[in-house]
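What the coordinates show
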Amino acid sequence: MELKEKLISSFLAFENHVDIDSPIHDVRSEAIKIFETQGFPTKKEEAWKYTSLNSILKHDYSVFPKNENTIEYNDVKKYFIHDIDSYKIVFIDGKYSSHLSQTTHDGIDVCLMSSALNKPKYQLIIQNYFNKIASKDSLTSLNTAFSQEGAYIQIPKNKVVDKPIQIIHFSTGNESALMQQPRNLIVVNENSHVQIIERHQSLTENPVLTNSVTEIFANKRAIIDYYKVQNDNEHASLIDNTFINQKQESHCSVHTFSFGGKLTRNNLNFYQNGERIDSTLKGVTIIGNKQHVDHNTLVHHIEPNCESHQDYKGIFNDSSTGVFNGKVVVNKEAQKTNAFQANNNILVSDKASINTKPQLEIFADDVKCSHGCTIGQLDENAMFYMRSRGIPEKEAKGLLMYAFSNNVLNSVKIPEIKQRITKIIATKLGVNIGFDL
Amino acid sequence: MLKIKNLHASVEDKAILRGINLEVKPGEVHAIMGPNGSGKSTLASVIAGKEEYEVTEGQILLNDEDIDELAAEERAHKGIFLSFQYPVEIPGVSVTNFMKTAINETRKAKGLEDMPANEMLKLIREKSELLEIDRKFLSRSLNEGFSGGEKKRNEIFQMAMLEPKLAILDETDSGLDIDALRIVANGVNKLKSKDNAVIVITHYQRLLDYIVPDFVHVLHNGRIVKSGGKELAHELEEKGYDWIKEEVKA
Ligand SMILES: Nc1ncnc2c1ncn2[C@@H]1O[C@H](COP(=O)(O)OP(=O)(O)OP(=O)(O)O)[C@@H](O)[C@H]1O
Ligand SMILES: [Mg+2]
């Protein structure tokens, strides 16, 4: 059976074993219809021209894992940012793992989507926020249809959350192939501040496909810093759909570090619904072999006096492929918009490739928009300069590539993350950078 | 120490060096002068091992070893240092960390452990004081946004850190104000010993007032067309190059 048919028939079984009276039953039913009509995206669609899902859709994925699995913390400690205190919402094969997690209801809610969907006290929030900014494309709809578990974070007004929140999904390989559909909802109210780290980690060589949807609401003056650590093994693929709705004077940043995975597609969407909003989208991609990473971003400037900063760097080795498709829309009303976009790439190997395409749709006249895409090799003069000081070719390359991605790390606010990413980059580039550059 | 024999080098099939002969002994200072485009920087780059240039004939011997096959970093490990005419900007790598990496990689090549951190700090302090470089400067990205003079002073700081056997200073004086010229020249002189040698490429006599050469060579069209003592530099300053070009033609 094709995956699409399997998913549609599983949906019926799924709706039976969750609550049919659930307030989102209608939303789910509608969503599966959209998926049924549209199917998985193909290269014929403009937005998927350079990313083919064929190779990852051919597996016979389990949609609902049969068993609950456990993992010992010590075996997976390295996937956590473990040198700082944090809240943790951890899933194993899509199921909540209470013993690896540290949730809270003390003044803030850091807990589970399943509770939010099922408990009456959250009903209002679900009504107001659930599926309100997620788009109606086929993959997001597929997730909506199966939405059941994930992270639920709700921060009331005037709260600086005392420590970062880590959302981690492990897959164990107990299923011969696993498809997961995590669904996260994050609501941050006025003047509040939160930092979130998200990671998907497969512990198996069995294929894993994750189709994740995250909806984020930043109310007035909220500050949200979100870090996506994508360093999965080469049997795991991720389609990350993130939607961020910002209100007046809020500041949101998303850093995406893509170092692993077989195929990774990031659909990152910012909607600026208010004035003096700041949105930051940054990414470092370093891949090799036959890995593929696709960044598909949208920043929609709807009101005046807002800013957006996009800065994506990519380093592509071996036969890896990259895509950057950055769309900026500036509505007619959004005067004095300041939108900056840069995508710089280094192709380390002749066989690597990147397709980069900025898309600007500007309807206002008093705006500052800049964009620049570069694809290059390493600067020969810089290489000679470094080597003439005794730094061997390989180390010089590593240092230059590290320096190249450095800008993006500058805006990382959690030092432990910065350190961790530095280490991953150094390892990826095969250099021993024993210090913070 | 350095023997260059009938060196020919070209880039993209264009011959630039066309038969250079030069011998530099330990303790000596050689000045190379010559009109723009005569091949001075090319000679410096070829000695330092820039792969862009192809040696088509002749040899470069360092302590009697042919270095043709050696990569730029291996030449650096053997004590060759080039102060660039146009130092390259490297955003994202601080001066300090660049030097730490350079020193430790050089030590690694010699089978030594990394230099202990406190020793490194002491060395950096000592050498930055020698060249009167503000410590704040050292945490900035290498050469990025440095003024012309700051870049040159930083080159000599690197030289002081690496203590090369053979230093080639390519127009280190250009861009330096009078005080900086004195500081930089003084730095170079302090590093001089009977065991190392310096090749100074310059257009002006004024640097040679501070770093006094034992020999002065004139490079023209990829060849050394005249050599002499330090008085040759004075003569060039006075008369320019035309008389030499005439001599060559004759
Ligand atoms: N990479 C290159 N590609 C093409 N031509 C080159 C290259 N490098 C040097 N040349 C040419 O070789 C000649 C010598 O250049 P070089 O830089 O060595 O001169 P120079 O003596 O240092 O001059 P200046 O006094 O202006 O610094 C010039 O004509 C220059 O254009
Ligand atoms: Mg020159």
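Think of each chain on its own: its residues are numbered from 1, step by step along the sequence as written. Throughout, the order in which chains and ligands are written sets their labels, letters from A for the former and numbers from 1 for the latter. pLDDT decides what is reported in this predicted model: residues at 70 or higher carry local features, side-chain atom pairs at 80 or more are listed and counted, and totals for whole chains, interfaces and linings draw on all residues regardless. Excluded from the side-chain calculation are hydrogens and water; included are all heavy atoms of the structure.

Topic: the UniProt feature "domain: ABC transporter" (unreviewed entry) in chain B
UniProt positions are given in the numbering used here, feature names are shortened, and annotations may be inferred rather than shown by experiment. Mapped onto this numbering, the UniProt entry gives "domain: ABC transporter" (unreviewed entry) at residues 2–246 of chain B. Annotated as 38% helix and 29% strand, the span residues 2–246 of chain B places its first and last C-alpha atoms 30 Å apart. A run of DSSP states H or I qualifies as a helix once it reaches four residues; a run of E qualifies as a strand once it reaches two. Both are numbered from the N-terminal end.

Notes on the sheet that holds strand β9 (residues 166–170) of chain B
Residue and element names in this part refer to chain B. Ordered by their spatial adjacency, 6 strands build an open sheet running β6-β9-β10-β3-β11-β12, and the pairing between neighbours is mixed. Among the strands making up the open sheet, the edge pair consists of β6 (80–83) and β12 (223–228). When strand polarity is set aside, the average angle formed by the axes of neighbouring strands in this sheet is 20 degrees. When strand β11 (residues 215–220) meets β12, the two strands line up antiparallel, connected through 5 bridges. DSSP bridges decide pairing: two strands pair if at least two such bridges lie between them. All axes are obtained by fitting lines to C-alpha atoms, using only the stretch in contact for helices, and the reported angles, taken between N-to-C directions, cover 0 to 180 degrees.

What about empty space enclosed by the protein?
Residues and elements named next belong to chain A. Two kinds of site are reported from a 1 Å grid over the protein atoms alone, namely cavities, where a 1.4 Å probe fits but cannot get out, and pockets, open sets with protein on both sides within 12 Å along at least five of seven lines, and residues are called lining when an atom falls within 4 Å of a point. Grid points are joined across faces, edges and corners, and a volume is the space filled by probe spheres set on the points. If you walk through the whole model with that rule in mind, you get 5 cavities of 30 Å³ or more. Lining the largest cavity are His200, Val229, Gln230, Asn231, Asp232, Ala236, Ser237, Leu238, Gly260, Gly261 and Thr264. Of all the secondary-structure elements, those providing two or more residues to the lining of the largest cavity are β10 (223–230) and β11 (236–247). With 3 residues, the top contributor of residues to the lining of the largest cavity is β11. Residues that form the lining of the largest cavity fall into these classes: 3 nonpolar, 7 polar and 1 charged. Looking at the second largest cavity, its volume works out to about 60 Å³. Elements with a contribution of two residues or more to the lining of the second largest cavity: β15 (292–301), β16 (307–316), β17 (321–330) and β18 (338–347). Sorting elements by how many residues they give to the lining of the second largest cavity places β16 first, with 4 residues. The class makeup of the residues in the lining of the second largest cavity is 6 nonpolar, 6 polar and 1 charged. Here the term charged refers only to Asp, Glu, Lys and Arg, the term nonpolar to Ala, Val, Leu, Ile, Met, Phe, Trp, Tyr, Cys and Pro, and the term polar to all other amino acids, Gly among them.

Thoughts on unusual backbone geometry
In the Ramachandran plot, asparagine 289 of chain A falls in the positive-phi region, its phi being about 45 degrees despite a non-glycine side chain. Here asparagine 289 of chain A shows up in the loop between β14 (278–287) and β15. The residue asparagine 143 of chain B is not glycine, and still its phi comes out positive at about 65 degrees. Within the secondary structure layout, asparagine 143 of chain B lies in the loop between β8 (141–142) and α5 (148–162). For every residue, the accessible area obtained with a 1.4 Å probe (protein chains only) is divided by the maximum for its type, and the residue is called buried under 20%, exposed over 50%, and partly exposed between those limits. The exposure class assigned to asparagine 143 of chain B is buried, which follows from its relative accessible area of 0%.

A short note on the coordination of the magnesium ion (ligand 2)
Each pair of donors in an ideal four-coordinate tetrahedral metal site encloses 109.5 degrees, whereas pairs in an ideal six-coordinate octahedral site enclose 90 or 180 degrees. Residues and elements named next belong to chain B. Coordination partners: N, O, S within 2.8 Å of the metal, 3.2 Å for Na, K and Ca; water not considered, so apparent gaps in a site are possible. Taken together, Ser41 (OG) and Gln85 (OE1) make up the full set of protein donors to the magnesium ion (ligand 2), lying 2.0 to 2.1 Å away. Taken as a pair, serine 41 in helix α1 (residues 40–48) and glutamine 85 in the loop between β6 and β7 (90–94) lie far apart in primary sequence, 44 residues in all. Judged by its relative accessible area of 25%, serine 41 falls in the partly exposed class.

As for the environment of threonine 374 of chain A
Residues and elements named next belong to chain A. Inspection of the secondary structure puts threonine 374 in strand β20 (residues 368–376). Through-space distance from the C-alpha of threonine 374 to that of asparagine 343 is 6.4 Å; in sequence the pair is 31 residues apart. The criterion used for residue contact is that any of the two residues' heavy atoms lie within 4.5 Å. Excluding its chain neighbours within four sequence positions, the residues that come into contact with threonine 374 are Asn343, Asn344 and Asn345. A distance of 2.7 Å separates a polar atom in the side chain of threonine 374 from a polar atom in the side chain of asparagine 344. Identification of polar contacts relies on pairs of N or O atoms within 3.5 Å, with a donor-acceptor requirement for protein atoms, meaning one able to donate a hydrogen and the other able to accept it, and with residues adjacent in sequence counted only if both atoms are side-chain atoms.

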